[in-house]
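# Structure at a glance
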Amino acid sequence: MKKAESELDYFHGEEKALAAYPKEHFIEVIRDVGFECDLCGKCCTRSFNGHVSLLKEDVVRIIEIAPDAVCPSPHFDFCDQEGRFYVFGYSLKIKDDAGGSCCFLENGRCAIYEKRPQICRIYPYMIHRETDGRGQYDWREISGLNDHGLYGAEMTEEVAGEIFEDVKKYETDFISQEKEFLKAVSAYFEKNKLKHIQKIHDKRRRDFENGEEITVFVYHDGAFSEHKARK
């Protein structure tokens, strides 16, 4: 499947770029920014972050706590000729409130803080390339800069180095999970004589946005699980 092959090539490139990313530069950026959490809770809402992508180990841990707290990732990567979507994993559910709060946000605090997902542990730090508001594609190390938290805090090189290792591990694991999904979905489509049809993908996405129920196959632990989803 050409789409899967193209995306797999992309993630191969990102994996190599991440491996070569200079630790010294990350430490310099982090120490210069001096981010400090002020417990505002903004990062736990959809109005600030679109969704919380879960790694495989996160899913296992979250399901043990609350089986209904996860939902298919909102990035509907592939769609077959029958209008069924295929996604690379799960995300945390959000509440139906004004800000779209995380299902575990209670009274402005995380109810599962000690067992929270890995992305929540490293946030707002990141080491991946993305396009900014001006269309420039480059490395990003901090999310939501100047939109939340406090800045200018003192940070030792040792602490910044530990943050780097944690963030790099998360980004590496995320890429590995994406690559595993792409290989699996390509094999699944070939085995079941399925095709990714972009026109059908776009139509069913519009249907979903308009409130219709859709079928989503989520890849997790080496297999696809069927789910019904509604916005």
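This is a predicted model, so every value here is computed, not measured.

Criteria and thresholds
- Residues numbered from 1 in each chain as written.
- Predicted model: local features only at pLDDT ≥ 70, side-chain atom pairs only at ≥ 80, totals over all residues.
- Heavy atoms only, no water.
- Helix = DSSP H or I, 4+ residues; strand = E, 2+ residues; numbered from the N terminus.
- Expected span 1.5 Å × (residues − 1).
- 1 Å grid on protein atoms, 1.4 Å probe; cavity = no way out; pocket = protein on both sides within 12 Å on 5 of 7 lines; lining within 4 Å.
- Points joined across faces, edges and corners; volume = space filled by probe spheres on them.
- Nonpolar A, V, L, I, M, F, W, Y, C, P; charged D, E, K, R; others polar.
- Axes fitted to C-alpha atoms, helices over the stretch in contact; angles between N-to-C directions.
- Left-handed = near helix turned anticlockwise from the far one by under 90°.
- Contact = heavy atoms within 4.5 Å.
- Pairing = 2+ DSSP bridges.

Turning to helix α5 (residues 157-191), a few remarks are in order. The end-to-end C-alpha separation of α5 is 51 Å, in line with the 51 Å expected for 35 residues at 1.5 Å each. Just past α5, the residue K193 takes up positive phi, approximately 55°.

Gaps between atoms show up when a probe of the same size as a water molecule is rolled over them. What the second largest pocket holds in volume is close to 540 Å³. Lining of the second largest pocket is provided by 17 residues; of these, R46, C71, P74, I94 and F208 occupy positions nearest its centre. For the lining of the second largest pocket, the secondary structure elements donating two or more residues are β1 (70-72), β4 (90-92) and α6 (198-209). The dominant element in the lining of the second largest pocket, judged by the number of residues it contributes, is α6, at three residues. Grouping the constituent residues of the lining of the second largest pocket by class yields eight nonpolar, three polar and six charged.

Turning to empty space enclosed by the protein, a few remarks are in order. All told, the structure shown has two cavities of 30 Å³ or more when counted by the stated rule. The computed volume of the largest cavity comes to approximately 70 Å³. What lines the largest cavity is simply C43, C44, T45, R46, N49, H51, V52, L92, I94, G100 and C102. Grouping the constituent residues of the lining of the largest cavity by class yields six nonpolar, four polar and one charged.

This part takes up the packing of helix α2 (residues 23-33) against α5. It is the contact of α2 with α5, at a shortest axis distance of 9 Å, that shows an interaxial angle of 115°. At the point where α2 passes α5, the crossing takes the right-handed sense. In this structure, α2 contributes K23, F26, I27, I30 and R31 to the contact, and α5 contributes E157, A160, G161, I163, F164, E165 and V167. Tallied by class, the residues present in the contact of α2 with α5 amount to seven nonpolar, one polar and four charged.

The subject of this paragraph is the pairing of strand β7 (residues 125-131). Along a regular strand, successive side chains alternate from one face of the sheet to the other. Here five bridges tie β7 to strand β8 (residues 137-142), and the two strands are oriented antiparallel to one another. Bridge assignment links H128 to a residue of β8, and that residue is R140. Once β7 ends, the chain turns through five residues before running back antiparallel as β8, passing G135 with a positive phi of about 85°.

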